[in-house]
Amino acid sequence: MSDSDNDHNETAAPDDGATTGAADAGGQETAANVALPIAVNAQYVKDLSFENPNAPQSLSQLTNAPEVNVNVDVTANPVAENMFEVQLLISAKAENQGNVVFLIELNYAGVFTLAPKLREDVVRALLLVEAPRLLFPFARAVAAEATRNGGFPPLLVNPVDFAELYRRRYMQPQGQEAGAEKPAAAEDDTVGEPAGNA
């Protein structure tokens, strides 16, 4: 199972703990009663590669922000009943005046448990939309830290609309075959300010 594209929004917990998990006076349900049928069991860096092939010259000669091409992909595979490993794959290649500045490939994964007896389309949407949405902020932070440790400004991967990628992949007009599940999008990003002199 696969899908693809490219900060995340955080919400504060309710201030009034007394109402969490219970209906208010008007009978409205609180957020605690509308939990998603998906749980995160674990998340981890499965593979990480960073190449800085032209250092130290690339650090001292970088006067402009490099052009960065980023690709994002998602795959999901079962590991047990109602349990799946979802892999968020992020690769980026930075170039400046035709020279490679850095290359990064990250496989950030998570293990998720889904509620039983869900429809196939619901399972697919949870694994290819909701699961990568939960993983993305952590993967983005890992990529940013790797490029920072390589001597460059952090790579800030643009937010990815996983729902839109899913719609493009699985809700295309009739008569078009879905075919093999392949990456659906690539995105260009930039990395902050030039690194300057090393």
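Up top is the structure these notes are about.
Numbers given to residues run from 1 along each chain, matching the order in which its sequence is written. The model is predicted, so local features are restricted to residues of pLDDT at least 70 and side-chain atom pairs to those at 80 or more, both for listing and for counting; the totals for chains, interfaces and linings are taken over all residues. With hydrogens and water excluded, all non-hydrogen atoms of the structure serve as input to the side-chain values.

Some thoughts on the overall build of the protein chain
Line of reasoning, step 1. Secondary structure elements follow DSSP: runs of H or I of four or more residues count as helices, runs of E of two or more count as strands, with numbering from the N terminus. Across its full length, the protein chain holds 3 helices and 6 strands.
Line of reasoning, step 2. Helices (α) and strands (β) of the protein chain occur, in sequence order from the N terminus, as β-β-α-β-β-β-α-α-β.
Line of reasoning, step 3. To be clear on the numbers: accessible area is Shrake-Rupley with a 1.4 Å probe, and residue cover counts the displayed protein chains and nothing else. Carbon and sulfur atoms make up 49% of the accessible area of the protein chain, which totals about 11,300 Å².

A short note on the pattern of salt bridges
Line of reasoning, step 1. A pairing counts as a salt bridge when a side-chain nitrogen of Lys or Arg comes within 4 Å of a carboxyl oxygen of Asp or Glu. If you walk through the whole model with that rule in mind, you get 7 salt bridges.
Line of reasoning, step 2. In this structure, the salt-bridge partner of K46 is E85, at a minimum N-O distance of 2.9 Å. Of the two residues, K46 sits in strand 2 (residues 38-51) while E85 sits in strand 4 (residues 83-96), which places them 39 residues apart along the sequence.
Line of reasoning, step 3. One network of salt bridges, in which partners are shared, links E164, R167 and R168.

Examining helix 3 (residues 162-170)
Line of reasoning, step 1. For helix 3, the set of buried residues is F162, L165, Y166, R169 and Y170. All buried residues of helix 3 project into a common sector of 105 degrees when viewed along the axis, lining one side. Relative accessibility under 20% of the residue-type maximum defines a buried residue, over 50% an exposed one, and the middle range a partly exposed one, all with a 1.4 Å probe and only protein chains included. Working definition: the arc comes from the directions between the helix axis and the C-beta atoms, pointing outward to the latter.

Some words on the packing of aromatic side chains
Line of reasoning, step 1. Aromatic contacts are taken between Phe, Tyr and Trp rings whose centres are within 6.5 Å, Trp giving its six-membered ring; a plane angle under 30 degrees counts as stacked, one over 60 as edge-to-face, and the others as tilted. With the rule as written, the count across this model stands at 4 aromatic pairs.
Line of reasoning, step 2. On the basis of an interplanar angle of 25 degrees and a centroid distance of 5.7 Å, the ring pair of F50 and F102 is categorised as stacked. Separated by 52 residues along the polypeptide, F50 in strand 2 and F102 in strand 5 (residues 99-114) bring together distant segments of the chain.
Line of reasoning, step 3. The exposure class assigned to F50 is partly exposed, which follows from its relative accessible area of 26%.
Line of reasoning, step 4. In this structure F102 comes out as buried when scored by relative accessible area, which is 0%.
Line of reasoning, step 5. Arranged with centres 5.3 Å apart and planes meeting at 45 degrees, the rings of F102 and F152 form a pair that is tilted. Here F102, found in strand 5, pairs with F152, found in the loop between helix 2 (120-149) and helix 3; they are 50 residues apart in sequence, far enough to count as distant. In this structure, F102 and F152 share a single accessibility class: buried.
Line of reasoning, step 6. Following the ring pairs from residue to residue traces out a cluster consisting of F50, F102 and F152.
Line of reasoning, step 7. Whether a charge sits over a ring depends on NZ of Lys or CZ of Arg being within 6 Å of the ring centre and within 35 degrees of the ring normal. Taking NZ or CZ as reference, R169 lies 5.9 Å from the ring centre of Y170, over its face.

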